[in-house]
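# Structural characterization, general
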Amino acid sequence: VYTIEKTSYGAKITFSGFIRAEEMSNWVEESEHFLRLMPSKYGVLVDMRGLNPLPADSQKEMEKGQQLYKAKGMERSAVILDSTITTLQFIRIAKESGIYQWERYIDATKVSNWEEVGIKWLKDGIDPDKS
């Protein structure tokens, strides 16, 4: 399951449950339409609490989506996770898609104000890895 919504800092995307490649492909397609409405520079908060690890074909679609967002003006992203396996998976995907240096990972099991921390990274460049 996924949702995409416009926010004051750019976009909030939520992923949860088990996402097959077809659904991930639908997210990429919907994102193409959504991103036409976005400013030239924006941030993305990705809430992945409750997302199961992705199968290989879904990972390929996620990589396409990450590249699309970066190509369409994403300056930074903050990814909120609650699973070590999913965190490691998304760090690898971000490195493969080329967005790793603009992405920060926030463990919601350790950071109670994860949304606030994520938005500070997106809007003000306050790096959660250095605070």
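Attention here is on the structure that accompanies the text. (Residues numbered from 1 in each chain as written. Predicted model: local features only at pLDDT ≥ 70, side-chain atom pairs only at ≥ 80, totals over all residues. Heavy atoms only, no water.)

## Some details on the sheet that holds strand 1 (residues 2-6)
On the basis of which strands lie adjacent, the open sheet formed by 5 strands has the order 1-2-3-4-5 and mixed pairing. The open sheet has two edge strands with one neighbour each: strand 1 and strand 5 (103-107). Adjacent strand axes in the sheet meet at a mean angle of 15°, parallel and antiparallel pairs treated alike. Note that strand 3 (residues 42-47) and strand 4 (residues 74-81) share 6 bridges and pair parallel. Bridged to V46 within strand 4 is V79. The strands touched by helix 3 (residues 84-97) within the sheet are strand 4 and strand 5, with strand 5 carrying the most contacts at an inclination of about 180°. Sheet strands in contact with helix 4 (residues 114-124) are strand 2 (10-15), strand 3, strand 4 and strand 5, and its direction is about 165° off that of strand 4. (Pairing = 2+ DSSP bridges. Helix = DSSP H or I, 4+ residues; strand = E, 2+ residues; numbered from the N terminus. Axes fitted to C-alpha atoms, helices over the stretch in contact; angles between N-to-C directions. Contact = heavy atoms within 4.5 Å.)

## Remarks on the packing of helix 1 (residues 21-35) against helix 2 (residues 56-71)
With their axes 8 Å apart at the nearest point, helix 1 and helix 2 run at an angle of 10° to one another. When the axes of helix 1 and helix 2 are compared, the pair comes out roughly parallel. Judged by residue contacts, A21, M24, S25, W27, V28, S31, E32, F34 and L35 of helix 1 engage D57, S58, E61, M62, G65, Q66, L68 and Y69 from helix 2. Classifying every residue of the contact of helix 1 with helix 2 by side-chain character gives 9 nonpolar, 5 polar and 3 charged. (Parallel < 35°, antiparallel > 145°, perpendicular 65-115°, else oblique. Nonpolar A, V, L, I, M, F, W, Y, C, P; charged D, E, K, R; others polar.)

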